[in-house]
Amino acid sequence: MTIQTVSTNKAHDGIQGVYRHASRETQTEMTFSVYVPQHNAGAKLPVVYYLSGLTCTHANVTEKGEFRSACAELGLIFVAPDTSPRGEGVPGDPANAYDFGLGAGFYVDATREPFARNYRMWSYVTDELPKLIGEHFPVDSARQSILGHSMGGHGALTVALRHPGRYRAASAFAPIVAPSQVPWGIKALGGYLGSDRQAWRKHDAVALIEDGARVPGLLVDYGDADQFLTEQLRPELLQVACEKANIPLTLRRQSGYDHSYYFISTFMADHLRWHAERLTG
């Protein structure tokens with residue numbers, strides 16, 4: 001698998017790159033960013049995958065996430081893919097809504113037309129992208145973890161829950177924890193997967209836990225000034241599910257913080273240190 005370098009910049013003595021490739025899963029060009037900290041020749045480094053939220057591309061966290069200083073200190077590679085397929089001929093929401101279609105792939109493999117051909121973000125982030133990263137960057141595939149924000153927090157939690165043993169750590173900022181029960185998720189899962197709610201459960205963190213999926217522990221932050229907290233995020237549902245399943249959950253309510261990258265950037269280093277303890281310990 002070949003990649004095209006879009007840009008590279010030195011940052012904290014490492015290299016922040018943006019790359020493009022032709023995806024077999026989405027049948028489109030996909031763009032992603034990778035930060036590689038300074039390291040000894042031949043070294044293999046742990047890797048953290050970051051999944052972004054609605055309307056975002058790789059660029060949001062790359063430009064606003066403030067992760068490079070911590071990654072340089074901790075020796076972590078940081079990978080940020082796009083959130084959905086893009087390009088001419090890729091279907092979006094007929095009403096041009098922000099919460100479905102372009103920018104809103106929801107990290108599922110769509111089964112409904114006209115989305116099934118391109119909207120294969122689950123297979124992209126769990127299979128194609130990790131293989132591509134392993135071929136082109138100095139990653140230790142035995143030491144990987146995942147985190148995300150909002151829709152990407154939903155993605156990170158479900159990916160970790162469905163791949164026990166692959167990811168040594170999973171965390172999220174303001175995740176959509178129970179998409180089957182909230183408007184964003186109902187629209188996306190119904191639109192991509194159809195009306196069979198049993199099929200939705202594979203892409204719902206709370207439902208996965210109820211159905212027996214387990215991880216060693218989770219870290220989740222949310223802001224109590226988040227405008228989406230009560231209707232779309234529902235962190236209390238994850239707390240109840242984890243308590244019943246005896247999954248250690250560190251759920252932190254951050255006073256005064258909203259849904260933005262001001263919130264994410266404030267606690268990004270905390271999350272990366274939490275990941276590093278599990279990736280390098």
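Below or above, wherever it landed, is the structure these notes cover. (Residues numbered from 1 in each chain as written. Predicted model: local features only at pLDDT ≥ 70, side-chain atom pairs only at ≥ 80, totals over all residues. Heavy atoms only, no water.)

## Some words on the overall build of the protein
Then step 1. The helix and strand tally for the protein stands at 10 helices and 9 strands.
Then step 2. Computed over its C-alpha atoms, the radius of gyration of the protein comes to 17 Å, within 12% of the 19 Å expected for a compact globule of 281 residues.
Then step 3. Taking the principal axes of the C-alpha coordinates as reference, the protein spans close to 50 × 45 × 35 Å.
Then step 4. Looking at the protein as a whole, 60% of its 281 residues are labelled buried.
Then step 5. Only carbon and sulfur atoms are counted for the fraction: they give 46% of the accessible area of the protein, which is about 11500 Å².
Then step 6. Taking the average location of the 26 positive side-chain charges in the protein and that of its 29 negative ones, the two points are 4 Å from each other. (Helix = DSSP H or I, 4+ residues; strand = E, 2+ residues; numbered from the N terminus. Rg over C-alpha atoms; globule rule 2.2 N^0.38 Å. Buried < 20%, exposed > 50% of the residue type's maximum accessible area, 1.4 Å probe, protein only. Areas by Shrake-Rupley, 256 points an atom, 1.4 Å probe, with all protein chains shown as cover. Lys, Arg positive; Asp, Glu negative; His and termini not counted. Charge placed at Lys NZ, Arg CZ, Asp CG, Glu CD.)

## Some words on the sheet that holds strand β4 (residues 45–51)
Then step 1. Read across the open sheet, the 9 strands follow the order β1-β2-β3-β5-β4-β6-β7-β8-β9; overall the sheet is mixed. Pairing within the sheet leaves two strands with one partner each, and these edge strands are β1 (4–11) and β9 (249–254). Recorded for the sheet is a direction-independent mean angle of 20° between the axes of neighbouring strands.
Then step 2. Pairing between strand β2 (residues 14–22) and strand β3 (residues 29–36): 8 bridges, direction antiparallel. (Pairing = 2+ DSSP bridges. Axes fitted to C-alpha atoms, helices over the stretch in contact; angles between N-to-C directions.)

## Section: the environment of P138
Then step 1. Following the sequence through the fold, P138 ends up in the loop between α3 (121–136) and β6 (139–149).
Then step 2. Sequence separation between P138 and A41 is 97 residues; the distance between their C-alpha atoms is 9.4 Å.
Then step 3. Non-local contacts of P138, meaning those with residues more than four positions away in its chain, are made with V36, H39, A43, K44, L45 and I77. (Contact = heavy atoms within 4.5 Å.)

## Re the pairing of β1
Then step 1. Both β1 and β2 contribute to a ladder of 7 bridges, which runs antiparallel. The residue bridging N9 from the neighbouring strand is Q16, located in β2.
Then step 2. The antiparallel pairing of β1 with β2 creates a hairpin that spans 2 residues between the two strands, and H12 there sits at a positive phi of about 50°.

## Observations concerning the pattern of salt bridges
Then step 1. By the definition in use, this model includes 19 salt bridges.
Then step 2. Note that E29 and R20 form a salt bridge whose closest N and O atoms lie 3.7 Å from each other.
Then step 3. The exposure class of E29 is exposed, given its relative accessible area of 52%. (Salt bridge = Lys/Arg side-chain N within 4 Å of Asp/Glu carboxyl O.)

## Here's the deal with the environment of T2
Then step 1. The residue T2 is located in the segment before β1 in this model.
Then step 2. It is 39 Å that separates the C-alpha atoms of T2 and T250, two residues lying 248 residues apart in sequence.

## Points about the packing of aromatic side chains
Then step 1. If you walk through the whole model with that rule in mind, you get 16 aromatic pairs.
Then step 2. Residues Y257 and F267 carry aromatic rings whose centres are separated by 5.1 Å and whose planes lie at 70° to one another, so their mutual orientation is edge-to-face. Taken together, the positions of Y257 in the loop between β9 and α10 (261–280) and F267 in helix α10 put the pair 10 residues apart, joining distant regions of the chain.
Then step 3. The ring of F67 carries the charged tip of R68 above its face, separated from the ring centre by 4.7 Å. (Phe/Tyr/Trp six-rings, centres within 6.5 Å; stacked < 30°, edge-to-face > 60°. Lys NZ or Arg CZ within 6 Å of the ring centre and 35° of its normal.)

## What to know about the side chain of T126
Then step 1. Looking at the secondary structure, you find T126 in helix α3.
Then step 2. Polar contacts involving the side chain of T126 include one to the main-chain carbonyl oxygen of W122, which spans 2.8 Å.
Then step 3. If we skip the residues at most four places from it in the chain, T126 touches V159, H163 and R166. (Polar contact = N/O pair within 3.5 Å; in protein donor to acceptor, adjacent residues only side chain to side chain.)

## Side note on unusual backbone geometry
Then step 1. Across the junction of E113 and P114, the peptide omega takes the value 5°, indicating a cis bond.
Then step 2. With respect to the element layout, P114 can be found in the loop between β5 (77–81) and α3.
Then step 3. One non-glycine residue with positive phi stands out, namely T55, at about 75°.
Then step 4. Taking relative accessible area as the criterion, T55 reaches 48% and is therefore assigned partly exposed.
Then step 5. For R234, which is not a glycine, the phi torsion comes out positive at approximately 55°.
Then step 6. Locating R234 in the fold gives a position in the loop between α8 (229–233) and α9 (235–245).
Then step 7. The class of R234 is partly exposed, set by a relative accessible area of 23%.

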